[in-house]
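So the chains spell out like this:
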Amino acid sequence: MVLLVGVQRRPAGFARLVQAVAESPATGVMLADPSARAHAARLDWTLEFPLASPSAFDSYAAAASLVSLLAGAVLTALGQEGAERVRGVRSRYAALGELEGP
């Protein structure tokens, strides 16, 4: 599976990337706002979320919630293997001093 994220102001090569995924044996999944609909027909799945907001800026709250939901579902499906992977990533972050401590 190849997961693409296509929101407004996508890189210039995004259409080529979508085409490459479509021509590959991988399942193509795109998380996107409505501006990416032209790419959806070439992929297996598209999960669309709104960016429009009454404020002056786009809102990525729906996109963040969708990513969180998908990540949680994958982690649950992986069970113990997923939990071990998360522990390993956290351990590496700690060893590298990548994140501030509490």
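Reading guide: rules and limits
Residues numbered from 1 in each chain as written. Predicted model: local features only at pLDDT ≥ 70, side-chain atom pairs only at ≥ 80, totals over all residues. Heavy atoms only, no water. Core = buried A, V, L, I, M, F, W, Y, C linked by side-chain atoms within 4.5 Å. Buried < 20%, exposed > 50% of the residue type's maximum accessible area, 1.4 Å probe, protein only. Contact = heavy atoms within 4.5 Å. 1 Å grid on protein atoms, 1.4 Å probe; cavity = no way out; pocket = protein on both sides within 12 Å on 5 of 7 lines; lining within 4 Å. Points joined across faces, edges and corners; volume = space filled by probe spheres on them. Helix = DSSP H or I, 4+ residues; strand = E, 2+ residues; numbered from the N terminus. Nonpolar A, V, L, I, M, F, W, Y, C, P; charged D, E, K, R; others polar.

Enquirer: Please set out the nonpolar core residue by residue, giving values where relevant.
Expert: Residues L4, F14, V18, V21, M30, A32, A36 and L43 constitute the largest nonpolar core, which totals eight residues. Setting aside residues no more than four positions away along its own chain, V18 makes contact with L4, H39, R42 and L43. Core analysis: the next-biggest nonpolar cluster, separate from the first, contains six residues, L31, F49, L51 and L66 among them.

Enquirer: I'd like to hear about the layout of surface pockets, residue by residue, with values.
Expert: The volume enclosed by the largest pocket comes to roughly 210 Å³. For the largest pocket, the full set of lining residues is M1, L3, V29, L31, W45, L47, V67, L70, A71, A73 and V74. Sorting the residues of the lining of the largest pocket by element identifies β2 (28-32), β3 (45-48) and α3 (61-78) as the ones contributing at least two each. Sorting elements by how many residues they give to the lining of the largest pocket places α3 first, with five residues. Residues of the lining of the largest pocket, tallied by class, amount to 11 nonpolar, no polar and no charged.

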